[in-house]
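Summary of structural features
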Amino acid sequence: MSLFKIVSDSLFKLEKVIVIILLPILLFSLFADVLFRYALNSPLLWAQEISLFTFIFASFIGASMSVKVKEAVAVTILVDRIPVSLRNILIITGLLTSLLFTLLLVYLSIKWISNPTILYQKSVTTQIPMIIPYLSIPIGMFFMVIHFVHLFMDSLRQAKEKKVIE
Amino acid sequence: MIISLVLFLLFLLLRIPIAIVLGITSVILLFFAGNLGLIINSPQRLFSALESYSLLAIPLFMLAGEIMNAGGITIRLVNFAQKFVGHFRGGLAYVNIVANTFLAAIIGSAAAQIAMMSKIMIPAMEKEGYRREFGAATTAASGMLGPIIPPSMLFIIYGASAGISIGDMFLAGIIPGILLAISFVLLVAYIGYKEEFKKAEKIPWKERGKSLIQILPALSVPGILIWGIVTGVFTPTESAGIACVIALIISLFFYKDLKLKELPGIFVNTAITTSIVTLLIAMASLFGWSMTFERIPQMIAEWLTTVTTNPVIFLLLINVLFILLGMFIEGIALIIILTPIFIPILPVFGIDPIHFGVIICLNVVIGILTPPVGSGLFLTTSIGKVKLEDFIKAVLPFVAVSIFVLLLITFIPELVLWIPSLVN
Amino acid sequence: PDDLTKAESSGDGKTYNFKMTHVTQNTHIWQGFAEFLAKELDERSDGRMNLEIYPGGQLGPEPDIVQQLENGSIDFALLTVPYLSSRIPELDAWNMPFLFDSLEDALEAQDSDSAQEMLDLLSEQGLNGMGYMHTGLHHLVLKNDEIQTASDVKGKKLRFTGGPSVLDYWEGLGASPIAMGLTEVYSALQTGVIEGTSIDSNALLSEKYYEISDNYVLTGHMAFGGIFTSSKLNYENIPEEDQKIVNEAVNAAIEWGKVEHLKRESENLIELEEYLPVLELEDKESFITEAEKIYEKYSSDNELIKRFIKENNKK
Ligand code: NA
Ligand code: NA
């Protein structure tokens, strides 16, 4: 087993744990908000921001997971009807492009959150430092990079062995 | 502009996930426009695109769908529909439409509904001898009912950006939704007659009654949602969360099909299916933003107003514009970008913003099924394991029928405005 | 060569295509401000300065706008004080409840020393605060019962925009303050999820909440502030002569804003009276007594807020 696979697989396990924690928090805070507002007439001011930030975090982690399980939607119309060798080249090019783009996003988002003015920003209601929800993007994109690296290396190996890249 | 369009198509053909293609194209568009500063803004843009309370409905509707699938609610809805309409020629196709109509009264998102139903209906229809791509097309098309029959995420987003009542939008969607369902039924009847679909046996009334009783707890979900929204217990967005809680209670305690240990898996699935859509929304927002900065949609809108002063021609042009844009840009992003541009010019033509809203929402819902970019297209083909080109061929008649309904509500505003006018 | 330097420093002949954005809709007074500014820039520069306006948050919500100003992607923006106060705590001073007796007072407060000092604080974040342009004075639009004295708000689910001081105040009065996105408000108000919202007369007309509310109580509890901001980076790159033209055009637009605000407020209230009862707040004193506690609390840990309240509290 390659190192890339081991890293990507264990990362996927970590991602699963993260979303298994985040989604119930989202559901709970939203439901609690309704309950406290309607039944107890004392709304929870934190609930809205918490559920929103949990949602955003889960979205970017989940986006990385969708790359890992290859469920992110893509067009296969061309690659499915050309000779295997060409197909493999195109798919590898595509993976490399995606890898470079996500790397660019990681770079940009690190630049973004390391700007000193980021620390001035607090959420309007709960005064949570915005850097906490903002972190969802560099983290999610970094995870995505790791999965793309694995897919890329794996595809290279398959191409070398003259197999059809799935 | 041309370069980025070519690159866009090129990247698509490399099997790169669409969301990523949208992101890459935006960055290239900004690069060629000399807007390096805006490229640096991209992460903030991705964040802001999702920082909208209305979007919370997406994971929650998805979660409700997963719970209803695992908890046996969806299958009971399907069985129920089968006992009543299953004996007609092409019975399971009707079942698909009818069950989707019920679901549409619970779920507010086409993507969520298509994801739920694809898992159940496509294999079921194939087992009964239907072509897999026909099953997929019926499922995807019926999924369009999700955002047209209230509750609806799209209407929430439109009402929000147009500054009009979301409640009125919901009411306005009822007749178009029913028209859409009826037209799909007629289409299936025609296809079934032409391709000689087989019939199933008629079910005795006693058994039908039994399945009705069985389905009552499941039907309480839309009941509670409607009651809650109307009486102000919760907002339409929050109703998605309430749907999850009720579905959980019914699945765990009434049907008892759901085991607690299945929940983690459900959360993982929800996160993944949600993120496919939300990443698309985020990247589409980046894409729309890069176009807005170059004033592309504004130019189109300004041009439109110089072409005509006739409201019907204007609306027809809007339909053409949205169908064309809808081929490439995801619905929510289109609504968000274009609504504020068109709302101010509606009074010039004397068009009701509710009528306009239902028209453009139906347009973008059709857009989820038109190639090359469409979440409905991608969800059905990936979950249903159908080839994209086969699917497109099978879904085209449904798209054509939807465009017919679209024209109907374009020419006859009363179809949209009648129910809201009764209430106000 | 002498001639050349002269031409450069005076900015003769240089043309500009400025970009400006704000988050409000086309009918809002902010768009009026932007259009007035565009006209002023054009006239004062003999057609060399063009202003492209992106209304309705077309370039994104406020966090995005600030970033675009910071790196010079856009030149100007109108930003709300409640958002800016989440980045610059001193600006919370503007959110203080019941500080101003009237819209006139709030407009006058723009020129106070402490208010002008606050504008300088923006420069740390790559922004150049050029002046104030409020969105209006906030009152309460309500379903069912009216509010006349502080005890009337007990247990009421009311929506507020603004920072912690706002929520602090209304919670202290026993209300149930709700933070809710603008998009949800209409249906929430219609169905009764909330029983009222804090809103200025412009927005009340454009959002049409009067259709589903029973009265509008002129509490004037908060000035919803706005700041006209330029990108520090781009502004510093403008030759001094042209900076002067920009400053003069902005000042003219800000003066226009003051006059227009007063005109619109009275026109709006007359129009609103056709739709629902517009009521004066009878017992304002009871609200002010509670407000004093908030002034004290937020003054104690911020010198500038303290001075702002002192300068502008006429009671
Ligand atoms: Na629906
Ligand atoms: Na499409």
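Predicted, not measured: the structure shown is a model, and the values here were computed from it.

**Quick notes on the side chain of Ser123(A)**
When you line up the elements, Ser123(A) lands in the loop between α3 (84-113) and α4 (131-134). In this view, Ser123(A) contacts Glu49(A), Phe53(A), Ile128(A) and Met130(A); residues no more than four positions away in its chain are not counted.

**Thoughts on the packing of helix α5 (residues 73-85) of chain B against helix α6 (residues 91-104) of chain B**
Residue and element names in this part refer to chain B. Here α5 crosses α6 at 130 degrees, and the two axes come no closer than 8 Å. Considering their axes alone, α5 and α6 lie oblique with respect to each other. The two elements α5 and α6 meet at a crossing, and its hand is right-handed. Note on element contacts: α6 touches α5 through Gly 91, Leu 92, Tyr 94, Val 95, Val 98, Ala 99, Phe 102 and Leu 103, opposite Leu 77, Val 78, Phe 80, Ala 81, Gln 82 and Val 85. A breakdown of the residues in the contact of α5 with α6 according to their chemical character gives 12 nonpolar, 2 polar and no charged.

**What to know about the UniProt feature "transmembrane region" (unreviewed entry) in chain A**
All names here are of chain A. Following the UniProt record, one finds the feature "transmembrane region" (unreviewed entry) at residues 20-40, 46-67, 88-110 and 130-153. End-to-end, the C-alpha atoms of residues 46-67 are 32 Å apart, and along that stretch the chain is 100% helix and 0% strand. Between the C-alpha atoms that bound residues 130-153 there is a distance of 36 Å. The span itself is 92% helix and 0% strand.

**Considering the pattern of salt bridges**
This structure, assessed with the given rule, holds 20 salt bridges over all chains. Ionic pairing is found between Arg157(A) and Asp154(A), a salt bridge with its closest N-O pair at 2.6 Å. Placement of both Arg157(A) and Asp154(A) in helix α5 (residues 136-160) is noted, with a separation of 3 residues, approximately one turn of the helix. Note on Arg157(A): relative accessible area 37%, which makes it partly exposed. Since its relative accessible area comes to 23%, Asp154(A) is described here as partly exposed. In this structure, the salt-bridge partner of Glu248(C) is Arg44(C), at a minimum N-O distance of 3.9 Å. Of this pair, Glu248(C) sits in helix α11 (residues 240-273) while Arg44(C) is found in helix α2 (residues 29-44), placing the two residues 204 residues apart along the sequence. On the basis of relative accessibility, which here comes to 36%, the residue Glu248(C) falls in the partly exposed class. Judged by its relative accessible area of 36%, Arg44(C) is partly exposed. A single salt-bridge network, built from bridges that share partners, covers Asp154(A), Arg157(A), Glu161(A) and Lys163(A).

**Thoughts on the interface of chain B and chain A**
Listed per partner, the contact involves 57 residues of chain B and 63 residues of chain A. With both sides pooled, the region where chain B packs onto chain A buries about 5,300 Å², and carbon together with sulfur makes up 80% of that total. Applying the counting criterion to the chain B and chain A interface returns 6 residue pairs in polar contact (both at pLDDT 80 or more). Breaking the side of chain B that touches chain A down by element, the ones donating at least two residues are α1 (2-13), α2 (18-32), α3 (36-50), α4 (57-70), α13 (236-254), α14 (263-293), α20 (375-384) and α21 (388-411) of chain B. Examining the composition of the side of chain B that touches chain A, we find that 13 residues originate from one element, α14(B), more than from any other. In terms of residue class, the side of chain B that touches chain A is built from 40 nonpolar, 12 polar and 5 charged.

**As for α21(B)**
If you check α21(B), its first and last C-alpha atoms are 33 Å apart, about what 24 residues at 1.5 Å a residue would give, namely 34 Å. The sharpest bend along α21(B) comes to roughly 40 degrees, located at Val395(B), with the proline Pro397(B) sitting one to four residues further on.

**Focus: empty space enclosed by the protein**
The final tally for this structure, using the stated rule, is 5 cavities of 30 Å³ or more. Together, 14 residues line the second largest cavity, and Asp33(A), Arg37(A), Gln48(A), Ile178(C) and Ala179(C) are the ones closest to its centre. Taken together, the elements giving at least two residues each to the lining of the second largest cavity come down to α1 (3-38) and α2 (45-68) of chain A together with β7 (176-178) of chain C.

**With respect to the sheet that holds strand β4 (residues 127-132) of chain C**
All names here are of chain C. What the 5 strands build is an open sheet, ordered β2-β1-β3-β10-β4; its pairing is mixed. Two strands in the sheet have a free side with no partner beyond their single neighbour: β2 (49-54) and β4. In this sheet, adjacent strand axes meet at a mean angle of 25 degrees when their direction is disregarded. Judged from the 5 bridges that link them, strand β3 (residues 76-80) and strand β10 (residues 226-231) form a sheet pairing that is antiparallel. Across the sheet, residue Phe 76 finds its bridge partner in β10, namely Ser 230. Lying on the sheet, helix α3 (residues 62-70) is in contact with β1 (16-21), β3, β4 and β10; it crosses β3 at an angle near 145 degrees. Sitting on the sheet, α11 touches β1, β2, β3, β4 and β10, and the angle it makes with β4 is about 40 degrees.

**As for the sheet that holds strand β11 (residues 278-280) of chain C**
Residues and elements named next belong to chain C. With mixed pairing, 6 strands are arranged side by side in an open sheet as β7-β6-β8-β5-β9-β11. This sheet does not close on itself; its edge strands, each paired only once, are β7 and β11. The sheet shows a mean angle of 35 degrees between the axes of neighbouring strands, taken without regard to direction. Pairing between strand β5 (residues 136-142) and strand β8 (residues 196-199): 4 bridges, direction antiparallel. Along β8, the bridge assignment pairs Leu 140 with Ser 198.

**Remarks on the environment of Ala243(B)**
All names here are of chain B. You can see Ala 243 is positioned in helix α13. Ala 243 sits 83 residues away from Gly 326 along the chain, and the two C-alpha atoms are 30 Å apart. Once residues within four sequence positions are removed from consideration, Ala 243 is found in contact with Ala 64, Ile 106, Val 221 and Leu 225.

The rules behind the values
- Residues numbered from 1 in each chain as written.
- Chains lettered and ligands numbered in written order.
- Predicted model: local features only at pLDDT ≥ 70, side-chain atom pairs only at ≥ 80, totals over all residues.
- Heavy atoms only, no water.
- Helix = DSSP H or I, 4+ residues; strand = E, 2+ residues; numbered from the N terminus.
- Contact = heavy atoms within 4.5 Å.
- Axes fitted to C-alpha atoms, helices over the stretch in contact; angles between N-to-C directions.
- Parallel < 35°, antiparallel > 145°, perpendicular 65-115°, else oblique.
- Left-handed = near helix turned anticlockwise from the far one by under 90°.
- Nonpolar A, V, L, I, M, F, W, Y, C, P; charged D, E, K, R; others polar.
- UniProt positions renumbered as here; feature names shortened; annotations may be inferred.
- Salt bridge = Lys/Arg side-chain N within 4 Å of Asp/Glu carboxyl O.
- Buried < 20%, exposed > 50% of the residue type's maximum accessible area, 1.4 Å probe, protein only.
- Buried area = accessible area lost by both parts, 1.4 Å probe.
- Polar contact = N/O pair within 3.5 Å; in protein donor to acceptor, adjacent residues only side chain to side chain.
- Expected span 1.5 Å × (residues − 1).
- Bend = angle between axes of the 7 residues up to and from the residue.
- 1 Å grid on protein atoms, 1.4 Å probe; cavity = no way out; pocket = protein on both sides within 12 Å on 5 of 7 lines; lining within 4 Å.
- Points joined across faces, edges and corners; volume = space filled by probe spheres on them.
- Pairing = 2+ DSSP bridges.

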